[in-house]
Amino acid sequence: QSRDNIPHCLSMLVKDGIQYGSICRALESRGPVLPSWVWLPWLPQLLSSLCRVEAPATRAILVGIAKDHPQALYYSLRSFFLEKRDTERAGNQEAKQDDNAQTSAKQAEIVMSTLRKVHPVLWMKLESILEDLISRFRRSNEAELLDMVALLLHKISSKREEKENNKKADGTEDDVADENSQLTSYISTLSKVNQKYFNNSKSGAPKGRRTMLFERKFASLFEQDFLQKKSGADGEEFVGAANIDELVEKLKKWKAMLEHRISLSPNTSQLQEVAPSLSWHSSQAPDLWSGACESQSLTISNSEQEYHSTIDNVLYEATRSSALAAAKASTSAVLTAAKEEGLGGHEGGGCNAVEIPGQYAPTASSVLDCRPFPELHAKLVRFHQTVTLGDPSRSGEGSAKNEKVRQLSMIGSDGKTYRFLLHLAIPYGTRVGERSAQLQYVMGKIIRKDIQCSRRCLSVQPNAVIPVAQRMRMSATESSHKSLDAVFRHVQGPNFSKLVYRFQEQVAERLRELEEVNEDEKSEATKEAKLKIFQGICQDVMPNVLSKYMMDSIPSTEKLFHFRKIFASQLAANSLLQHAFAVVERTPHRFVFCDRTGQVLTQEFKFQYNQGLLERQVVPFRLTRSLVEFIGPFLLEGVFIPAFASISSAMNAKRSTLEPVLHLLLRDDILAWYISKSEARNDQKMQKLEIQLSDRIWRNVSFAQRQFEECSVRRVENATEEVVSNNPDPIDIKVRNLVDVATDSKNLSLMSPTYQAWL
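The following paragraphs examine the structure supplied in this document.

Thresholds applied
As a convention, each chain's residues are numbered from 1 in the sequence order in which they are written. Per-residue local features are limited, in this predicted model, to residues with pLDDT of at least 70; the limit for side-chain atom pairs, both in listing and counting, is 80 or more; totals at the level of whole chains, interfaces and linings are taken over all residues. Side-chain numbers come from the whole structure's heavy atoms, not from hydrogens or water. Secondary structure counts use DSSP, requiring at least four H or I residues in a row for a helix and at least two E residues in a row for a strand, with both numbered from the N terminus. Here's how the labels work: a residue is buried when its accessible area is under 20% of the maximum for its type, exposed when over 50%, partly exposed in between, all with a 1.4 Å probe on protein chains only. Method for areas: the Shrake-Rupley scheme with a 1.4 Å probe, in which residue coverage is limited to the protein chains shown. Two rings from Phe, Tyr or Trp (for Trp, the six-membered ring) form a pair when their centres sit within 6.5 Å of each other. Planes less than 30 degrees apart are called stacked, planes more than 60 degrees apart edge-to-face, and all others tilted. The rule is short: NZ of Lys or CZ of Arg within 6 Å of the ring centre and within 35 degrees of the ring normal puts a charge over the ring. By definition, residues are in contact when any of their heavy atoms lie within 4.5 Å. In this text, buried Ala, Val, Leu, Ile, Met, Phe, Trp, Tyr and Cys residues form a nonpolar core when linked through side-chain atoms within 4.5 Å. When a carboxyl oxygen of Asp or Glu is within 4 Å of a side-chain nitrogen of Lys or Arg, the pair counts as a salt bridge.

Bringing the overall build of the chain into the picture now. When helices and strands are tallied, the chain shows 31 helices and 13 strands. Residues counted as buried form 50% of the 759 residues belonging to the chain. Working note: accessible area of the chain is about 37400 Å², and carbon and sulfur atoms make up 50% of it.

This next bit is on the packing of aromatic side chains. Under the counting rule described, the total for this entry stands at 21 aromatic pairs. Considering the side-chain rings of Phe222 and Phe226, the 5.0 Å spacing of their centres and the 55° angle between planes classify their relative orientation as tilted. With a gap of four residues between them, Phe222 and Phe226 both fall in helix H11 (residues 209-226), about one helical turn apart. In terms of burial, Phe222 and Phe226 fall into one category: buried. Measuring from ring centre to ring centre gives 6.1 Å for Phe226 and Trp254, while their planes differ by 45°; the resulting arrangement is tilted. Separated by 28 residues along the polypeptide, Phe226 in helix H11 and Trp254 in helix H12 (residues 244-263) bring together distant segments of the chain. Exposure class is identical for Phe226 and Trp254. Each is buried. Here a set of aromatic residues connected by ring pairs shows up, and it is made of Phe198, Phe214, Phe218, Phe222, Phe226 and Trp254. The side chain of Arg116 reaches across the aromatic face of Trp123, ending 5.3 Å from its centre. Seen from the ring of Phe218, Lys217 lies directly overhead, with NZ or CZ sitting 5.9 Å from the centre.

In this structure, Thr526 sits in helix H22 (residues 519-540). Not counting chain neighbours up to four residues away, the residues in contact with Thr526 comprise Leu511 and Leu514.

What follows deals with the nonpolar core. Of all hydrophobic cores here, the largest spans 159 residues; its most connected members are Phe137, Phe567, Phe581, Phe640 and Trp758. With 14 residues, helix H25 (residues 625-653) is the single largest residue contributor to this core. Once you skip the residues sitting within four places of it in the chain, Phe640 turns out to touch Ala568, Leu571, Ala572, Ser575, Phe621, Leu623, Leu635 and Val739. Among the nonpolar cores identified, the runner-up in size contains 27 residues, and Val149, Leu152, Ile187 and Val193 belong to it.

Quick look at the pattern of salt bridges now. Under the defined criterion, the tally for this structure stands at 26 salt bridges. In this structure, the salt-bridge partner of Arg596 is Glu478, at a minimum N-O distance of 2.8 Å. Of the two residues, Arg596 sits in the loop between strand S11 (592-594) and strand S12 (609-610) while Glu478 sits in the loop between strand S9 (472-477) and strand S10 (481-483), which places them 118 residues apart along the sequence.

Our focus in this paragraph is unusual backbone geometry. Cis geometry is found at the peptide bond from Ala361 to Pro362, where omega equals 5°. Secondary-structure assignment places Pro362 in the loop between helix H17 (321-341) and strand S4 (380-383). Unlike most non-glycine residues, Glu604 shows phi in positive territory, near 50°. Tracing the sequence through the fold places Glu604 in the loop between S11 and S12. By relative accessible area, which is 16% here, Glu604 ends up buried. A positive phi is found at Gln611, a non-glycine position, where the angle reads about 55°. With respect to the helices, strands and loops of the structure, Gln611 is situated in the loop between S12 and strand S13 (613-614).

Structure representation (structure tokens):
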């Protein structure tokens, strides 16, 4: 229970304002005294605190973690340091004004220097592995260009939808002028893309063979399609298309061409060819005696503080005094021998064995909820010699639809194979994965302590997302992870992927027919047209896509029913988080589940902001007809709705404990969201931005708390009056109403075409 107050302590630091006040000094003096492992679930918040006035206090805590649990901190710390260092270099002119200022990059560098000095051998091993990952597993130029094209197509589509919703009632002159300005903006963007990929002579870096072949094949075609020069009164200007429709057609042509080019890549390759040094990596796991993999500082702290771990205390209290004395004596003898041999200190041994990433909180959750035991963690023995290039839609990752993502497999000392997908994305995407893991970690702790949730055997497990560099991350995956998009294409075939374009073209054709209709009638006619088109597509798509796939995967009726029951409860927990944090973009390739355990993952779990505020959405969560059909009416009424209400009631019961957690998560998320849409900011600008967004942060916290409260089980004050009334409302009436809204065809037809509500 005391550890539940750690988020409250970190949230209270905001009360000191912009000065290093009494709360910061209290944290600086008391924080490092606590065992380092109690801070592990809140590492992202400790790192982000290095950008604020409490940096000296949190740096002392991070130094302790670097000494005791280096592999829990290394990946996040390295990524944070590189990101902040690049930010400082981008604003180098402002940084020169005060060279002695303790910026976040300098604070992180101090912590990294401590980790390097205390664990030099481990540092060298991890650095060599990550350097190979960064340099050898970069994405191809075709994939990056495809991302640019897909992003521009999405931007044009979003602008058109916004224009339809907010179209002016005046003539068409303003519309024509607005379209010309947008077209000019798009051509300017394509000019920058051309400068980056085909005319980047200013960098001075030597070009590789693949880059030269890429430029030779696509440079002239790109300029011919998008950057034809036209002489005018104002001089030469780029004219890529006569109008936006022509530009969209050209972008679609380039998208199809690049997707075809990427699809020609082989599905597998040898690690020896991609990264020879990783293929040669080999290590031996240490013995499994207590303290074999702990650092010297942790060993000393344990002997002085008499084992802070609750599991150790329980075991010692459950034994007789003679057994306790014998256990302490044997442990002391082993630790003394290990210290003499250098196994617990700086010279090598168990503490320098590289672990499989993602085995510390919050990316790993345990029922014991105690300090980590590194000797029980799986160690990296070697890398699998085959690198798989898989479709990201199978596991819900990747920005481009047909981009093949590299999958790297690690062989652990426990004999298991741990698979990771390597992605290049903006830092905001990596931070979203870390915060979603923290959110599920907190929810899992609350669920385990709630009696109603425990009776229903409810649980959630976070998914590991490991930052490698500023724009690279590893996400844990398994061969059993499948996305709804992969299931749909497996059952219906790849040709049904064109349904999105079919919906868009039919809606656009219907809108052209309604150009002369007034705005009020046009809005209703557009909704009716979308509903009619949506129903037409539903007739061409089987409603039992997911059921058919799972029946082929699990032929046993009994096992299939058990899977459906677990899947319904997991879907309820995931749907509650979607509703509470306005997570709208649960497209089929982001809806990922495990076809072996029924776990529903939170891939790319991005909150939907409207000018920095969370708002109630038209469709609260994804519960389309294939999901409803697979669950069935009995499990929908008997498992999904009760699990949804029970988890919400448990979260609402811990309202006071949950409030500082939500404040920390939503504060960091909205700051990262603003920074991702603007230029790089230094620490001072970030602090000013946080003060400006303080009101919105607390409003978002209240919004999430209100969503949990509304979905909780209704408390019956007078049971007698409730029974004798004519039409008593169910105690979970709010959840039932949400289910009706989420499954309503009118609401689903209004969603974005990429949502694919017909699945």
